[in-house]
Amino acid sequence: MANKQTSSAPGHSSETSLAVVIMAAGKGTRLKSKHPKVLHEAGGKPLLAHVIAAAQRTVSGRDIYVVIGHEAERVREAVSATGVNFIVQHEQRGTGHAVMMARDAIAGYDQVIVLSGDAPRISGQTIQKLLDFHVTKKAAMTILTSVLPDPAGYGRIIRKSAKSSDVKAIVEHKAATKAQQKVREINSGFYAFSVKPLLKHISHLGTKNVHGEMYLTDLAKILTKAGGRVVAVEANDPYEALGGNTRAELADIDRRMRMAKCEELMAGGVTIFYPETCVIDAGVQVGPDTVIEPFVQLLGATSVGENCRVRSYSVIRNTLIGDEVSILPGCVMDDSQIHAQATVGPYSRLRPGSEIGEGARVGNFVETKKMRLGKGSKANHLTYLGDAEIGDGVNIGAGTITCNYDGVHKHKTVIEDGVFVGSDSTLVAPIKLGKGAYIAAASCITNEVPAGSLALGRARQIVKEGWARAKQASHAEFKK
Ligand code: UD1
Ligand code: CA
């Protein structure tokens, strides 16, 4: 199904159908990895997922064709939820060969954008710019280019003349002469083609090069010779072209993505100290006047409210944090929720399904899982609270443990409003502590405690007066 898409290029109003082909079949030899290159991550997501997301700003998934090959099934599985189509390139014989595999798929479209699945910084705006330029110039092929301070490794753009947008050829780094290697304008690996000339000439690609591969880049020369127009347009941000071919390049891309996210948050009123040490995923939201200290990670669908402070060394994933919350150093939390004005940490571990109520406090070495701690309640030290429903104004003493697991099943602990649990208590679930009850320190509680009562579940203290002196005397006797 061809997608009718109206170009926003000035002076261009006719409708044109557009497909996107993403080349993602390569092995990524330079990464020295067992995993396919396009599934390596930058900015918290596989490279390919970024490229698909950028393409989806221009066309829907049903007009996107991802060419897969190396570890095809793993790649397919990783991104199938995006609704894109897949084409298998069984043997990876080069970028030209990858696009050849998509011949039948794109035959019904007017234009096709070809993207590299290993270059994740490409933006939706740039794809649109490439398309608009291509359509306006009525080109057979339009190459998105960048001028990089260090162009080593990339294909170089040989323009007809310095000022002309027309291109004579793309020369791969390894095949470039000394003079050509000095050209700093590089091929980003993103192109727009008019489908007709592309399909007419793609079979003319040869393999006479150092890799013995079919280079898509050779089409620049082939199409020019055939009388088609081949033009180049520069990306707004030259670093959109960066490809993750090596681990060092991946690290560089990741660092740039992280910094861009920090800059976006700072522009929105968030203070971030030493932003170069923080790892914040693209989807994370943070409210104004929140302060993020060094070495914090905010991951996945995490959202932090206004006026919070997230202190150093916390790793927070998929967690919703309200306003004026204080996260002290060294917390680890996943799939949880913290309401306004609560304090968590230092060194708290919130496992999935933890909900910390408004103004509540969770302190050091407290582990929680699937539990709700009510408004103003406190669990300040050395405690495990799992499968528990805890009301408002409850005090959980140091060292309290909900014994939720009998070796086979998990059971629930219910602690009603205003309960006071003395230190070092073990609460054997299923169990209920009624409203306002008191639990004496070091109790092992196995039966329901009615509201307003005191429960003691420990051995009575015995005192043997003079016992120590008698013991010392017997030792002295023995030594003689
Ligand atoms: C390519 C360009 C180079 C450009 C650079 C930009 C060619 C010959 N060279 O080089 O001019 O500067 O991108 O990043 O195109 N792929 C397949 N099937 C294959 C081979 C590759 O799907 O048979 C995919 C890869 O998975 C990758 C993309 O195509 O996602 C680019 O291939 P890669 O080998 O990384 O090309 P570069 O050497 O980076
Ligand atoms: Ca590459």
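Refer to the preceding data block for the structure.
Predicted model, so just to flag it, every value in this text is computed and none were measured. (Residues numbered from 1 in each chain as written. Chains lettered and ligands numbered in written order. Predicted model: local features only at pLDDT ≥ 70, side-chain atom pairs only at ≥ 80, totals over all residues. Heavy atoms only, no water.)

Burial of strand β2 (residues 15–23) is extensive: eight of the nine residues sit out of reach of the surface. Bridging between β2 and strand β7 (residues 111–116) involves six bridges; their strand directions are parallel. Bridging from a neighbouring strand, M23 pairs with S116 of β7. Taken together, the four bridges between β2 and strand β5 (residues 64–68) define a ladder with parallel strand orientation. Bridge assignment links I22 to a residue of β5, and that residue is V66. (Buried < 20%, exposed > 50% of the residue type's maximum accessible area, 1.4 Å probe, protein only. Helix = DSSP H or I, 4+ residues; strand = E, 2+ residues; numbered from the N terminus. Pairing = 2+ DSSP bridges.)

Secondary-structure assignment places R258 in helix α9 (residues 247–267). With residues near it in sequence (within four places) discarded, R258 still touches G43, G44, C278, V279, I280 and D281. (Contact = heavy atoms within 4.5 Å.)

Four donors placed tetrahedrally about a metal ideally form angles of 109.5 degrees, and six donors placed octahedrally ideally form angles of 90 or 180 degrees. Distances from the calcium ion (ligand 2) to its protein donors, namely D118 (OD) and N245 (OD1), fall within the range 2.3 to 2.4 Å. Placement of D118 in the loop between β7 and α5 (124–136) and of N245 in the loop between β12 (230–234) and α9 is noted, with a sequence separation of 127 residues between them. Like N245, D118 is buried. (Donors = N, O, S within 2.8 Å, 3.2 Å for Na, K, Ca; no water.)

Moving on, we get to the packing of aromatic side chains. In total, this model carries five aromatic pairs according to the counting rule given. Here Y65 and Y109 contribute two aromatic rings whose centre-to-centre distance is 6.1 Å and whose plane-to-plane angle is 80°, an arrangement assigned as edge-to-face. One end of the pair, Y65, is in strand β5; the other, Y109, is in the loop between α4 (103–106) and β7, with 44 residues separating them in the sequence. Look at Y65 and you get buried, because its relative accessible area is 10%. (Phe/Tyr/Trp six-rings, centres within 6.5 Å; stacked < 30°, edge-to-face > 60°.)

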